Amino acid sequence: GAVVSQHPSRVICKSGTSVKIECRSLDFQATTMFWYRQFPKKSLMLMATSNEGSKATYEQGVEKDKFLINHASLTLSTLTVTSAHPEDSSFYICSARRLGLEQFFGPGTRLTVL
Amino acid sequence: KNQVEQSPQSLIILEGKNCTLQCNYTVSPFSNLRWYKQDTGRGPVSLTIMTFSENTKSNGRYTATLDADTKQSSLHITASQLSDSASYICVVSGGSYIPTFGRGTSLIVHP
């Protein structure tokens, strides 16, 4: 089956630092990758959609300079939270979609900003 | 506006009992509907995916139904187990395949 990994699984950082989260599709090429954030007991909220080799499309209200997304290859996308603040603490989940219908989610990254 | 409404918001059942979760959507045009199970602190895991022409799909003790005319779906869990305790999310994709998420139903199975 299709597997999507995320690294790290959890990260704690100081306010003002930047954090990079990797999302990899391990056994398939992902034409599109999605980034979500999820607050406790809330639904997943789509942050941005990225296609390999092109700029990400951000959802309304998501600051593209704050959340940098790079989709350099068909198996790797990265999300960098720049100058993180405590309100950025959340659960970040990526998903990857191969050609077709199915979307596979990564295990998520728990970010805590002190 | 594309919306996905799930009910109930939360549900508590005893181990061994059956339950049914509901999903109503207004996404148009319709591409596919998926049910995911999300354990606390984990990413969602796909249970079923259905396209317009499918009205029932099973995955073990999980059976999903789809009525594309009324834009309703249900997820039926048979003989619940403690490990079924999780959030169940209904996701509907439209023409651009951008998904619209429901808020999820939180299921707790008690021994």
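Refer to the structure presented above.
In this convention, every chain numbers its residues from 1, walking through the sequence in written order. The naming scheme follows written order: chains are lettered A onward, ligands numbered 1 onward. Note on the predicted model: pLDDT of at least 70 is required for a residue's local features to be given, and 80 or more for side-chain atom pairs to be given and counted; whole-chain, interface and lining totals, by contrast, use all residues. Hydrogens and water are ignored here; the side-chain numbers use all heavy atoms of the structure.

1. Quick notes on the overall build of chain B
Within chain B one finds zero helices and eleven strands. Counting from the N terminus, the helices are DSSP H or I runs at least four residues long and the strands are E runs at least two residues long. For chain B, the N- to C-terminal ordering of α and β elements is β-β-β-β-β-β-β-β-β-β-β. Relative to the compact-globule value of 13 Å for 111 residues, chain B shows a C-alpha radius of gyration of 13 Å, a close match. For chain B, the C-alpha atoms occupy an extent of roughly 40 × 25 × 20 Å along the three principal directions. Accessible surface for chain B amounts to roughly 5,400 Å². Of this, 49% is attributable to carbon and sulfur atoms. None of His or the chain ends enter the tally, which takes Lys and Arg as positive and Asp and Glu as negative. To locate a charge, take NZ of a lysine, CZ of an arginine, CG of an aspartate or CD of a glutamate. Taking the average place of the 9 positive charges on the side chains of chain B and the average place of its 7 negative ones, the gap between the two points comes to 6 Å. Only C-alpha atoms enter the radius of gyration, while the globule expectation follows 2.2 Å times N to the 0.38, with N the number of residues. Throughout, the Shrake-Rupley method with a 1.4 Å probe supplies accessible areas, and for residues the shown protein chains are the sole cover considered.

2. So, the overall build of chain A
Secondary structure summary: chain A contains zero helices and eleven strands in total. Listing each helix as α and each strand as β along chain A from the N terminus yields β-β-β-β-β-β-β-β-β-β-β. Expected size for 114 residues packed as a compact globule is a radius of gyration near 13 Å; at 13 Å, chain A falls within 12% of this value. Principal-axis analysis of the C-alpha atoms gives chain A an extent of 40 × 25 × 20 Å.

3. As for the side chain of S50 of chain A
Residues and elements named next belong to chain A. Within the secondary structure, S50 is located in strand β5 (residues 45-51). Looking at S50, the relative accessible area reads 1%, which means it is buried. Pairs of N or O atoms within 3.5 Å make up the polar contacts considered here, provided that, within protein, one atom can donate a hydrogen while the other can accept it, and that residues adjacent in sequence are counted only when both atoms are side-chain atoms. A polar side-chain atom of S50 sits 2.9 Å from a polar atom in the side chain of H71. Once residues lying within four places of it in the same chain are set aside, the contact partners of S50 are T31, T32, M33, A56, I69, H71 and S77. Note on classification: 1.4 Å probe, protein chains only; a residue is buried when its accessible area is under 20% of the maximum for its type, exposed when over 50%, partly exposed between these limits. Here, residues are in contact when the closest pair of their heavy atoms is within 4.5 Å.

4. Some thoughts on the interface of chain B and chain A
Often, the extent of an interface is quoted as the loss of accessible area on bringing the components together. Taken together, the contact between chain B and chain A spans 20 residues of the former and 17 residues of the latter. Accessible area that two parts lose when put together, evaluated with a 1.4 Å probe and summed over both, is termed the buried area. A buried area of about 1,400 Å², summed over both sides, lies between chain B and chain A, and 59% of it is on carbon and sulfur atoms. Any carboxyl oxygen of Asp or Glu within 4 Å of a side-chain nitrogen of Lys or Arg constitutes a salt bridge here. Summed over the shared surface of chain B and chain A, the result is zero salt bridges. Where chain B touches chain A, the interface holds four residue pairs in polar contact (both at pLDDT 80 or more). Looking at the side of chain B that touches chain A element by element, the count peaks at four residues for strand β4 (residues 32-38) of chain B.

5. So, the state of the cysteines
Count a disulfide wherever a pair of cysteine sulfur atoms falls within 2.5 Å. One pass over the structure, following the stated rule, counts two disulfides over all chains. Shown here is the disulfide that connects C23 of chain A with C94 of chain A, its sulfur atoms set 2.0 Å apart. Classification of the bridge connecting C23 of chain A and C94 of chain A rests on its S-S torsion, roughly 75°, and on that basis the disulfide is right-handed. Of this pair, C23 of chain A sits in strand β3 (residues 19-25) while C94 of chain A sits in strand β9 (residues 90-97), and the two are 71 residues apart along the sequence. Classification of C23 of chain A as buried rests on a relative accessible area of 0%. Distance from the sulfur of C19 of chain B, which forms no disulfide, to the nearest cysteine sulfur (C90 of chain B) is 15 Å.

6. Observations regarding the pairing of strand β9 (residues 86-93) of chain B
Residues and elements named next belong to chain B. Counting buried positions along β9 gives eight out of eight residues, so the element sits mostly inside the fold. Any two strands with at least two DSSP-identified bridges between them are counted as paired. Bridge count for β4 against β9 is seven bridges, and the pairing is antiparallel. Paired with K37 across the two strands is Y88, which belongs to β9. In the sheet, β9 pairs with strand β10 (residues 99-101) via three bridges, with the strands oriented antiparallel. Counterpart to V91 in the pairing with β10 is F101.

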